[in-house]
Amino acid sequence: MAEGELTDVAARLPGLSSAEVARRTAAGQVNDVPVRSSRSVTEIVRANVLTRFNAIIGGLFLVILVVGPIQDGLFGFVIVANTAIGIFQELRAKHTLDSLAVIGEARPEVRRDGGTVEIPTSGIVLGDLVELGPGDKVVVDGEVAEADGLEIDESLLTGEADPVLKHPGDPVMSGSFVVAGGGAFTATKVGRDAYATQLAEEASRFTLVNSELRGGISRILKYITWAMVPTAVGLIISQFTVESHDAHEAVRRTVGGIVPMVPEGLVLLTSVAFAIGVVRLGRRQCLVQELPAIEGLARVDVVCLDKTGTLTEGGMDVTELRPLDGGSGTGRADDAGGTDDGGRADDGGSGAAGYAARALAALGGSDPRPNASLQAIVDAYPPGGAADWRGRGVLPFSSARKYSGAAFTEPDGTDSTWLLGAPDVLLPAGHPALAEVDRLNDQGLRVLLLARAARPLDDPQVARDVTPVALVVLEQRLRPDAGDTLRYFAEQGVHVKVISGDNAVSVGAVAGKLGLPGAQSPVDARRLPAERDAMAEVLDEGAVFGRVTPQQKRDMVAALQSRGHNVAMTGDGVNDVLALKDADIGVSMGSGSEATRAVAQIVLLDNSFATLPFVVAEGRRVIGNITRVATLFLTKTVYSVLLAVLVVCWQVPYPFLPRHLTLLSTLTIGVPAFFLALAPNKERARPNFVRRVMRYSTPAGIICGVASFAAYLLARHHYTGGGALDAETSAATLTLFLLELWVLAIIARPYTWWRILLVLAMVLGFALVLAVPWLQDFFALKLVGDEVPWAAVGIAAAGAVLLEVSWAWVRRREQAEG
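Participant: How would you summarise helix H25 (residues 753–771) if you had to cite specific residues and measurements?
Facilitator: The terminal C-alpha atoms of H25 lie 26 Å apart, and with 19 residues this matches the ideal 27 Å at 1.5 Å per residue to within 8%. Buried residues along H25 sit in contact with helix H21 (612–650), helix H22 (658–677), helix H24 (724–747) and helix H26 (773–779).

What follows is the structure, given as structure tokens:
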């Protein structure tokens, strides 16, 4: 690390003037490419309107408008309503996402007219002087103008894990981030010329890709298309052969056979469920930067937590200063040259404690952007307590080093070099002070060592042979909601791993206070095996890991994933970025660094760890309910294809007109599915969505198709003369309705009052159609006589028994497979 002069505020570069900014803005030299957090309105409308199945249904609707009557074209109006609902819900979700994205947007600091101002990323102009500090993301390409121990991580761009030390004149790339030190750079590329534009859009876009749920539905729709084409061709030929005397009737029956093969509402309800999930989470200040993250977090079985900012709040308090050289003073922060009642450093502190306090005050004043630990020291020992200490150089804190430092010329003219960091890193193993450190760590306290170095700051071995001066004891503030959140994950079968750069014993004590199982056996990551399988074995057994380096966090995520785990990683610091990026789901705190927010899929804008259970619950609601709904829709597709095949084989008119199937679909699928898709559901998400849905819908569709066709053939044998076809259709419709209703009743389990009411409401709706004369005429439904209708009910009852038996068998197979 090169030793550099501390930046002199008075001599720093002033940046652009307001007039220069105005001229460059007028010339278009501004970073005005918006970062989209969602799809555009045009994309949303196109995605909901221009679909393959909308084209099929729309074409069939036009055909019905030609041949009439209008009630056989009701399915067309249903599609219009579905599409409108889908567009409305996605626009609502877009509004929520865009609003949250503005809250969570990075606001870099730039120098203008000699002062520092905070502006949105889109306000940067060519030539702006942008300030950088630890955790800041480089938002546009540029050239370093000032560097004060500036280390930048470019791993997200180059794959190189080691931070790069930057000097004035060096280039900086947008998308990289600061891990240590500070400085400023001049913007050389803005707008579409800067790589940050592409990176930020990718990081923040509302996307519907890489989702097992949506991918599974797409596969199902592809299979349905393959089955539809030959079946529809056979049905068309069959109906025009059977109904050769009435072309209009042949068209209606053909359309009646093709329309129910299309699960038109399935994609709609999936989009609506996701969109409403975004809105619900948005109300809790949770920004979902990638939509499948809702689904993904519901599937995770391991959550890796960074202690600081997650289990503990960001702030800390200095509770004690313990001299290690036998100096005078009691060691308390308010007695040993620390703070008085007004919070100011005691100028009169004497002895070892007073000297250590002044060194801490000087260290605090040397860093313009202190981290949480150093900020607590600044609060306890304000820089004014060492105003006569002249800084000569700074070594910024790095999570890889675990310490920071600074060089000073003291009031008596003595040159000194000081380090502040982890005692077990700065001191050799077995040092007497480490026993006291361990005792304090056992209490969950954080301990830093203040040491005097014998080597200059630019010596790579500066931390060797240091002279320990004092222990700085800090108390971390536990999040009040962290314990409840950990208990929630335990109840849901999600394993929690606390991964921290702090001392393992201290981290274990904090986790133990929150009731984390396994916290009593913390693991020092410096003793973790490097080999992936061996590391994964230790990770499976342990729960708390301390002294973890940023690269180790990344390796630990990969090791857990190699064991088949779905891993979520939470964090707020730059040392978490690599692990967040590689985890299945990355979760960042809103107050975290710009770099973590850029790579995370979920940002908790209110910094509340307690929001995570709601995200998990929302994902489970979406996955569980879409699985239920998909089973309803695909049961209809299966029996529709089967009925078409049976009709072709028997060479009879198709049993149903479009209006009949529109009625049945509305009562047993459309309306119930809408409520079921949005209902609470805490069932744990399971993989293999397509296989599980097809296991239930295939036997259900076969039973419904065979039973309704049997009732239809029985009615054809019984009824003769004029109006016979309507009576036959009515009997088949009754059987099909009862069986679809039974499928709905099974899927609605476990019953709640509203689910029972929902099923009963559908029964009442069908009963009204059969009881009200004008509805009978409108839907061409009229049960004739007693014998055939009761036979249809009997066939439906037998089918219901088969449904229960077949689904019970499927459930047993799933349980056996685990």
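Resuming the write-up.
Participant: Please provide a residue-by-residue account of the nonpolar core, values included.
Facilitator: Counting 122 residues, the largest nonpolar core has Leu297, Phe489, Leu516, Ile602, Phe609 and Phe689 as its most contacted members. The element contributing the most residues to this core is H21, with 16 residues. Leave out the neighbours within four places in its chain, and Ile602 touches Cys286, Leu287, Ala293, Leu297, Ile585, Gly586, Val587, Ser588 and Val615.

Participant: Can you tell me about the side chain of Asn625, naming the residues and giving the values?
Facilitator: The topology assignment puts Asn625 in helix H21. Setting aside its immediate chain neighbours within four residues, Asn625 contacts Arg620, Leu676, Ala677, Leu678, Ala679 and Asn681.

Participant: Hey, could you go over the environment of Tyr654 for me, with residue numbers and the actual values?
Facilitator: Looking at the element boundaries, Tyr654 is found in the loop between H21 and H22. Separated by 55 residues in sequence, Tyr654 and Phe709 have C-alpha atoms that sit 9.6 Å apart. Sequence-distant contacts of Tyr654, that is, excluding residues within four places in its chain, are made with Leu235, Gln239, Arg253, Gly256, Gly257, Pro260, Ser640, Leu643, Ala644, Val647, Leu661 and Tyr712.

Participant: Can you tell me about unusual backbone geometry, naming the residues and giving the values?
Facilitator: A negative phi holds for most residues other than glycine; trans holds for most peptide bonds. The omega torsion of the bond from Arg749 to Pro750 falls at 0°, within 30 degrees of zero and hence cis. Topologically, Pro750 is positioned in the loop between H24 and H25. Its identity as a non-glycine residue notwithstanding, Asp113 has a phi of 55°, on the positive side. Position of Asp113 relative to the elements: it lies in the loop between strand E1 (109–112) and strand E2 (115–118). Of note, the phi angle at Arg547 is positive, near 55°, even though the residue is not glycine. Along the chain, Arg547 falls in the loop between strand E18 (544–546) and helix H18 (550–562).

Participant: Give a detailed account of the pairing of strand E16 (residues 495–499), specifying residues and quantitative values.
Facilitator: The two faces of a sheet get side chains in turn, since along a regular strand they alternate between them. Most of E16 is tucked away: 4 of the 5 residues are buried. Relative to E16, strand E9 (residues 302–305) runs parallel, the two being bridged by 4 bridges. Bridge assignment links Val303 to a residue of E16, and that residue is Val496. Where E16 meets E18, 2 bridges bridge the pair, whose relative direction is parallel. The residue bridging Ile499 from the neighbouring strand is Phe545, located in E18.

Participant: Talk me through empty space enclosed by the protein; I want residue IDs and the actual numbers.
Facilitator: On inspection of all chains with the given rule, the structure shows 3 cavities of 30 Å³ or more. Approximately 70 Å³ is the volume attributed to the largest cavity. In terms of lining, the largest cavity is formed by Leu363, Ser366, Asp367, Leu374, Val394, Leu395, Pro396, Phe397, Ser404, Gly405, Ala406 and Leu420. Those elements that provide at least two residues to the lining of the largest cavity are helix H11 (351–366), strand E11 (390–398) and strand E12 (403–409). Of the residues forming the lining of the largest cavity, the biggest block, 4 residues, is contributed by E11. Class assignment of the residues belonging to the lining of the largest cavity gives a composition of 8 nonpolar, 3 polar and 1 charged.

Parameters and conventions
Residues numbered from 1 in each chain as written. Predicted model: local features only at pLDDT ≥ 70, side-chain atom pairs only at ≥ 80, totals over all residues. Heavy atoms only, no water. Helix = DSSP H or I, 4+ residues; strand = E, 2+ residues; numbered from the N terminus. Expected span 1.5 Å × (residues − 1). Contact = heavy atoms within 4.5 Å. Core = buried A, V, L, I, M, F, W, Y, C linked by side-chain atoms within 4.5 Å. Buried < 20%, exposed > 50% of the residue type's maximum accessible area, 1.4 Å probe, protein only. Pairing = 2+ DSSP bridges. 1 Å grid on protein atoms, 1.4 Å probe; cavity = no way out; pocket = protein on both sides within 12 Å on 5 of 7 lines; lining within 4 Å. Points joined across faces, edges and corners; volume = space filled by probe spheres on them. Nonpolar A, V, L, I, M, F, W, Y, C, P; charged D, E, K, R; others polar.

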